[in-house]
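# Topology and contacts: notes
So you can see what is in the structure, the chains are spelled out below.
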Number of protein chains: 2
Amino acid sequence: MGLLVVGSIALDSVITPFGETADALGGAAVFFSMAGAVLHPVQVVGVVGRDFPEAHLTALAAWKARYSYDLANRETLETRLGVFAEFRPRIPEKFRAARFVFLGNIDPELQLGVLDQVNEPMLVACDTMNYWIQSKRDVLLELLRHIDILMVNDSEARELSGDWNIYRAAHWILGRGPKMAVIKQGEHGALLVDSNTTFKVPAYPLQEVFDPTGAGDAFAGGFMAHVARTGDVSFDNLRRAMVYGSAMGSFAVEAFGVQRFESVTLGEVDARVRAFRDLVHFDLGGEKR
Amino acid sequence: MGLLVVGSIALDSVITPFGETADALGGAAVFFSMAGAVLHPVQVVGVVGRDFPEAHLTALAAWKARYSYDLANRETLETRLGVFAEFRPRIPEKFRAARFVFLGNIDPELQLGVLDQVNEPMLVACDTMNYWIQSKRDVLLELLRHIDILMVNDSEARELSGDWNIYRAAHWILGRGPKMAVIKQGEHGALLVDSNTTFKVPAYPLQEVFDPTGAGDAFAGGFMAHVARTGDVSFDNLRRAMVYGSAMGSFAVEAFGVQRFESVTLGEVDARVRAFRDLVHFDLGGEKR
């Protein structure tokens, strides 16, 4: 089923102990789509800020060309330059039937504008950040009434709710509209919380972390792509989606920018998902007492 | 099989947002034994510092009396006052056959002295702290050659190994003698690492944390008591021990000091262990693709 992401496309300046680069193609829509497309086709509407250097549009065009034609499971990239305050993402007609929609971290007014243009999504997930929580709180609270999953970092959940306890913060969010909250906790993994249940997946144990940039968006891409390819929004399947998301997040940090997704195979993804099971599963049945 | 703990007995001053107390009976040996004894009898050798106020020895005597006589599964408490520099814990003859030994956080010279007095332990686990890592590093490294599990906080593992990456830090520890490392990560749970495998258990989701004092020692008590009652040191059983330890750690923080262990039942422990399974388990078998 169709999966649509609307989010930023940017050139990331990345400096880590292992090296640096000033023009790595990045942004939420790029990480989301490159991770998600390993599992399922992704329809991308990219929001490019006015500060995006024109000289670098060639990199974007190259990316668009590469992933439109070289890889069968990547679909058309729509991009438009605009001033954020006046800009409204236009969702192409062929994308409006998407059953699964991810609203990357952009102005919540734009996120609401995207929702107006999609027809009957089965599941809408949404990211945001502290900047919008502070500057556009009312619009953000309105948006929460129209989405199914808020997917944010722990610091964002705490700031939005005003509660330092992450479980109370998650339930505060559920009281504002979303059926579920996904709380990303970086090196400590991620939580899926609904009104009855909490599911936790730890981060994958990595002895080398090269570049944490984009891990959260890669997580979202893996999560939503697994849901879209199965068409199953049961809590049990969303647990699996959390693990696929975590697998994609772990691949993201293994190399600079989106590099790792240029080579990762479905077999590697499935092997990592099984490794997550070995990491956390325990058996009580055979217990001696 | 016999389970021996050697560790501190102290009066804790605890101040939390929910209240404060200046004379709560605490210390590693107290938290360990009260949590562990829910599952299995615990033999306690308590180390009491010279700064322990004599006026409060009555509290200790009352504790000793209560848990020696009132609860069938708590065994004799041995205590001795002493100046740490000259003091050497004397392990009573009847405790020396213990097959499972936990060396709480005391001077590593004393920990080595305890090991000299036990006969043939099947499994020895050991805690330490930054103070000893800095002031008695050589003795501590000697101790590591004689224990099976080092059980420390993440900050201690990092300081001991000089490596910020917790998985590399764990493997550094394995290279110094222990077959396994247990890394306690507070609100983020705990790791069990051997040369081939990593197991992670998250902390239990709690919307109220009253008092984190002693959670790590309660974890150790649950872990070791589960191993002692089963007599099984396989990695699969140690995974279960991690979960029983995490359950005890979660009970510890639900009330001040050791209060929660005065009422917790085996049924409550087993229910919490099942809740941990629900928290982390996911099923890949029935996956639709």
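Just so it is clear, the structure is predicted and the values come from calculations on it, not from any experiment. (Residues numbered from 1 in each chain as written. Chains lettered and ligands numbered in written order. Predicted model: local features only at pLDDT ≥ 70, side-chain atom pairs only at ≥ 80, totals over all residues. Heavy atoms only, no water.)

### Comments concerning the interface of chain B and chain A
- At the interface, 40 residues of chain B touch 40 residues of chain A.
- Summed over both partners, the interface of chain B with chain A buries about 4,000 Å², with 54% contributed by carbon and sulfur atoms.
- Counting across the chain B and chain A interface gives 4 salt bridges.
- Between Arg 240 of chain A and Asp 283 of chain B there is a salt bridge, and its shortest N-O distance comes to 3.6 Å.
- Across the contact surface, chain B and chain A share 18 residue pairs in polar contact (both at pLDDT 80 or more).
- Elements with a contribution of two residues or more to the side of chain B that touches chain A: α7 (166-174), β11 (198-201), α8 (215-230), α9 (235-252) and α10 (266-280) of chain B.
- Ranked by the residues each element gives to the side of chain B that touches chain A, the list is headed by α10 of chain B, at 9 residues.
- Classifying every residue of the side of chain B that touches chain A by side-chain character gives 15 nonpolar, 8 polar and 17 charged. (Contact = heavy atoms within 4.5 Å. Buried area = accessible area lost by both parts, 1.4 Å probe. Salt bridge = Lys/Arg side-chain N within 4 Å of Asp/Glu carboxyl O. Polar contact = N/O pair within 3.5 Å; in protein donor to acceptor, adjacent residues only side chain to side chain. Helix = DSSP H or I, 4+ residues; strand = E, 2+ residues; numbered from the N terminus. Nonpolar A, V, L, I, M, F, W, Y, C, P; charged D, E, K, R; others polar.)

### So, the environment of Asp 283 of chain B
Residues and elements named next belong to chain B.
- Turning to its location among the elements, Asp 283 is positioned in the segment after α10.
- Overall, the relative accessible area of 42% leaves Asp 283 in the partly exposed class.
- Remark: the alpha-carbon pair of Asp 283 and Phe 102, spanning 181 residues in sequence, is separated by 36 Å. (Buried < 20%, exposed > 50% of the residue type's maximum accessible area, 1.4 Å probe, protein only.)

### Looking at the confidence of the model for chain A
Residue and element names in this part refer to chain A.
- The predicted model of chain A averages 87 in pLDDT, with 82% of residues at 70 or higher.
- Confidence over residues 68-76 falls short of pLDDT 50; this stretch has 23 contacts with residues more than four positions distant or in other chains.
- Both scores are available for the predicted complex, with the pTM at 0.90 and the ipTM at 0.88. (pLDDT = per-residue confidence, 0-100.)

### What about the pattern of salt bridges?
- Tallying each qualifying case throughout the model produces 24 salt bridges over all chains.
- Glu 268 of chain B is the partner of Arg 260 of chain B in a salt bridge, and the nearest nitrogen-oxygen pair spans 3.1 Å.
- Linked by salt bridges that have partners in common, Glu 254, Arg 260, Glu 268 and Arg 272 of chain A make up one network.

### Regarding the packing of aromatic side chains
Residues and elements named next belong to chain B.
- Going through the model one piece at a time under the given rule, you end up with 10 aromatic pairs over all chains.
- Ring geometry for Phe 32 against Phe 102: centres 4.8 Å apart, planes inclined by 15°, an arrangement best described as stacked. Taken as a pair, Phe 32 in helix α1 (residues 28-36) and Phe 102 in strand β6 (residues 100-103) lie far apart in primary sequence, 70 residues in all. Here Phe 32 and Phe 102 have matching classes, each one buried.
- Ring centres 5.4 Å apart and planes at 50° place the aromatic pair Tyr 204 and Phe 276 in the tilted group. Taken together, the residues Tyr 204 in the loop between β11 and α8 and Phe 276 in helix α10 connect sequence positions 72 residues apart. (Phe/Tyr/Trp six-rings, centres within 6.5 Å; stacked < 30°, edge-to-face > 60°.)

### Here's the deal with the nonpolar core
- Membership of the largest hydrophobic core comes to 120 residues, with the highest contact counts inside it found for Phe 223 and Phe 261 of chain A together with Phe 223 and Phe 261 of chain B.
- Ala 98, Leu 112, Cys 126 and Val 193 of chain B belong to the second largest nonpolar core, which has 37 residues in total. (Core = buried A, V, L, I, M, F, W, Y, C linked by side-chain atoms within 4.5 Å.)

### Some remarks on the pairing of strand β4 (residues 42-48) of chain A
All names here are of chain A.
- Across the 7 residues that make up β4, a large majority, 7, are buried.
- Both faces of β4 are covered, namely the face carrying Val 42, Val 44, Gly 46 and Val 48 and the face carrying Gln 43, Val 45 and Val 47.
- Strand direction decides the pairing type here: strand β1 (residues 3-8) and β4, joined by 5 bridges, are parallel. Bridge assignment links Val 5 to a residue of β4, and that residue is Val 44. (Pairing = 2+ DSSP bridges.)

### Some thoughts on the pairing of strand β10 (residues 190-193) of chain B
All names here are of chain B.
- Alternating positions in β10 separate into two faces, Ala 190 and Leu 192 on one and Leu 191 and Val 193 on the other, with burial throughout.
- Counting the residues that bridge the hairpin from strand β9 (residues 180-184) to β10 gives 5 residues, and of these Gly 186 lies at a positive phi of roughly 60°.
- Sheet topology places β10 next to β11; 4 bridges connect them, and they run antiparallel. In the strand pairing of β11, Leu 192 is matched with Phe 199.
- Connecting β10 to the antiparallel partner β11 that follows it, the hairpin turn spans 4 residues.

### Describing the relation of the copies chain B and chain A
- Structural alignment of chain B on chain A gives an RMSD of 0.0 Å, achieved by rotating through 180° and translating 0.0 Å along the axis. Read as a symmetry element, the transformation amounts to a two-fold axis.
- When you check the interface residues of chain B against chain A, 100% turn up at the interface there too, and the contact is symmetric in its surfaces. (Least-squares fit on C-alpha atoms with pLDDT ≥ 70 in both.)

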